[in-house]
Amino acid sequence: MNDERKLLSKIPPIHPEGIKFVFIFAGITILFGLLWAPLWVPGVILTLWCAWFFRNPERQTPSGKGLVIAPADGKICLITEATWPEELREKGPKVWRVSIFMNVFNVHVNRSPMKGIITKLAYVPGKFFNASLDKASKDNERQLVEIKTTDGKDIAFVQIAGLVARRIVCFVKEGQNLGAGEIFGLIRFGSRVDIYLPKGVKPTVEVGQITTAGVTVIAKLARNKG
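*Asks:* Lay out the overall build of the protein chain in plain terms, naming residues and giving numbers.
*Replies:* On a plain count of helices and strands, the protein chain comes out with 4 helices and 13 strands. For 226 residues, the compact-globule estimate of 2.2 N^0.38 gives 17 Å, and the C-alpha radius of gyration of the protein chain, at 19 Å, lies within 12% of that figure. Considered along the principal axes of its C-alpha atoms, the protein chain spans approximately 65 × 45 × 35 Å. Expressed as a percentage of the 226 residues in the protein chain, the buried residues total 46%. In the protein chain, the share of contacts with a sequence separation of at least 24, taken over all contacts with a separation of at least 6, comes to 72%.

Now the structure itself:
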């Protein structure tokens, strides 16, 4: 009994946004399984995968001062200098942008990179190019969030839809306070999250590096003053 409890305690919970999809997958599995028995196996596998996709594991966010934390699980596909998103403000000097690509096996719950207050939100409808491409940051459907940190720095992060993703979910609103590592949204199925660092702040990560939302440090404000 104790071993079973330990095993169950290691299974991450499902985010509420995913519960209805698990039921849909399960319902389709039952329907087709009753019509033709061999379909039970792939149906059960897909249902379990759906539950795994919407998993929401607990994360222990580092508490060091000035740490910028990864907003998404995945792999860093791009690190480029770019102007601040025009949907959030007028164009200014270029800043560093870190892009994290999430495949369909990554956790898709997104977390705030720093503590601060949300100063602006902007949703932009768009296309569904491969999210690993640079042009996805301007052409794809996306949800932009800008926050001002407790140190007065501005940070922006953008949820970007990809080839498979067709639904960006953002749970926050303007004027809301966010804690570092706090959940602010999710994207259903493969996608990407960009983060725009404050002026003068350089990333401490590299292209190809694997990130864990709410855990991986991608920059340090205290050591990169502009």
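Structure's up, so let's keep going.
*Asks:* Give a description of the layout of surface pockets that names residues and reports values.
*Replies:* There is about 300 Å³ of room inside the largest pocket. In terms of lining, the largest pocket is formed by 20 residues, of which the most central are Thr83, Pro85, Arg97, Lys138 and Tyr196. Of all the secondary structure elements, the ones that give two or more residues to the lining of the largest pocket are strand E2 (74–82), helix H4 (136–139), strand E6 (142–149), strand E7 (154–161) and strand E11 (191–196). Ranked by residue count, the leading element in the lining of the largest pocket is E2, at 3 residues. Among the residues forming the lining of the largest pocket, the class breakdown is 7 nonpolar, 3 polar and 10 charged.

*Asks:* Mind laying out the sheet that holds strand E5 (residues 116–124), listing which residues take part and the relevant values?
*Replies:* Strand order in the open sheet formed by 8 strands is E9-E5-E6-E7-E11-E3-E2-E12, with antiparallel pairing between adjacent strands. Lying at the two open borders of the sheet, with one neighbouring strand each, are strand E9 (177–178) and strand E12 (210–211). Sheet topology places E7 next to E11; 6 bridges connect them, and they run antiparallel. In the strand pairing of E11, Ile160 is matched with Arg192.

*Asks:* Go over the nonpolar core with me, naming the residues and quoting the values.
*Replies:* If you look at the biggest cluster of nonpolar residues, it comprises 27 residues, and the most contacted ones within it are Val68, Ile147, Ile155, Phe157, Leu178 and Ile195. Sorting the residues of this core by element identifies strand E3 (95–102), E6, E7, strand E10 (183–187), E11 and strand E13 (217–220) as the ones contributing at least two each. Apart from residues lying up to four places away in sequence, Ile155 is in contact with Val68, Trp84, Pro113, Met114, Val145, Glu146, Ile147, Thr149, Ile195, Tyr196 and Pro198. Within the second largest apolar cluster, 12 residues are counted, among which are Ala82, Ala122, Ala136 and Tyr196.

*Asks:* Got a sec to walk through the side chain of Ser137? Specific residues and values, please.
*Replies:* The residue Ser137 is located in helix H4 in this model. Among the polar contacts listed, one links the side chain of Ser137 to the backbone oxygen of Asp134, at a separation of 3.0 Å. With residues up to four places along the chain from it excluded, the contact list for Ser137 reads Arg97, Arg142, Ile160, Arg192 and Asp194.

*Asks:* Give a description of the side chain of Arg97 that names residues and reports values.
*Replies:* Mapped onto the secondary structure, Arg97 falls in strand E3. With relative accessibility at 4%, the residue Arg97 sits in the buried group. Within the structure, the side chain of Arg97 is placed 2.6 Å from the side chain of Asp134, a separation counted as a polar contact. One polar contact links Arg97 to Ser137, side chain to side chain, over a distance of 3.3 Å. Sequence-distant contacts of Arg97, that is, excluding residues within four places in its chain, are made with Leu78, Ile79, Thr80, Ala82, Asp134, Ser137, Arg192, Asp194, Ile195 and Tyr196.

*Asks:* How would you sum up the environment of Val158? Please name residues and give values.
*Replies:* Relative to the helices and strands, Val158 is located in strand E7. Distance from Val158 to Thr204, taken between C-alpha atoms, is 19 Å for residues 46 residues apart in sequence. Not counting chain neighbours up to four residues away, the residues in contact with Val158 comprise Arg142, Gln143, Leu144, Arg192, Val193, Asp194 and Tyr196.

*Asks:* Tell me about the packing of aromatic side chains, and name the residues and values.
*Replies:* Scanning the model with the defined rule gives 5 aromatic pairs in all. Three or more aromatic residues link up through ring pairs in this structure, and these residues are Phe21, Trp49, Phe53 and Phe54. The aromatic ring of Trp84 is capped on one face by Arg89, whose charged end is 4.6 Å from the ring centroid. Taking NZ or CZ as reference, Lys135 lies 3.9 Å from the ring centre of Phe129, over its face.

Basis of the calculations
In this numbering scheme, every chain counts its residues from 1 along its sequence in written order. In keeping with the model being predicted, local features are shown solely for residues with a pLDDT of at least 70 and side-chain atom pairs are shown and tallied solely at 80 or more, while totals for entire chains, interfaces and linings include all residues. The side-chain quantities take in all heavy atoms of the structure and omit both hydrogens and water. Per the convention used, a helix needs a DSSP run of H or I reaching at least four residues, while a strand needs a run of E reaching at least two, with both numbered from the N terminus. The atom set for the radius of gyration is the C-alpha atoms, and the globule formula is 2.2 Å times the number of residues raised to the power 0.38. For each residue, the accessible area found with a 1.4 Å probe, counting protein chains only, is set against the maximum for its type, and the residue is called buried under 20%, exposed over 50%, and partly exposed in between. The contact criterion used is simple: two residues touch if any of their non-hydrogen atoms lie within 4.5 Å. Each cavity reported here is a set of points on a 1 Å grid over the protein atoms alone in which a 1.4 Å probe fits but cannot get out, each pocket an open set with protein on both sides within 12 Å along at least five of seven lines, and each lining residue one with an atom within 4 Å of a point. Grid points are joined across faces, edges and corners, and a volume is the space filled by probe spheres set on the points. Basically, the charged four are Asp, Glu, Lys and Arg, the nonpolar ten are Ala, Val, Leu, Ile, Met, Phe, Trp, Tyr, Cys and Pro, and anything else, Gly included, counts as polar. At least two DSSP bridges between two strands are required for those strands to pair. By convention a nonpolar core is built from buried Ala, Val, Leu, Ile, Met, Phe, Trp, Tyr and Cys residues, the set being connected through side-chain atoms within 4.5 Å. Polar contact is defined as a pair of N or O atoms within 3.5 Å, subject to the rule that within protein one atom must be able to donate a hydrogen and the other to accept it, and that residues adjacent in sequence are counted only when both atoms are side-chain atoms. Note on aromatic pairs: the rings of Phe, Tyr and Trp (six-membered ring only in Trp) are paired at centre separations within 6.5 Å, and the planes decide the class, stacked below 30 degrees, edge-to-face beyond 60, tilted for the rest. Note on criteria: charge over ring means Lys NZ or Arg CZ within 6 Å of the ring centre, with the direction from the centre no more than 35 degrees off the ring normal.

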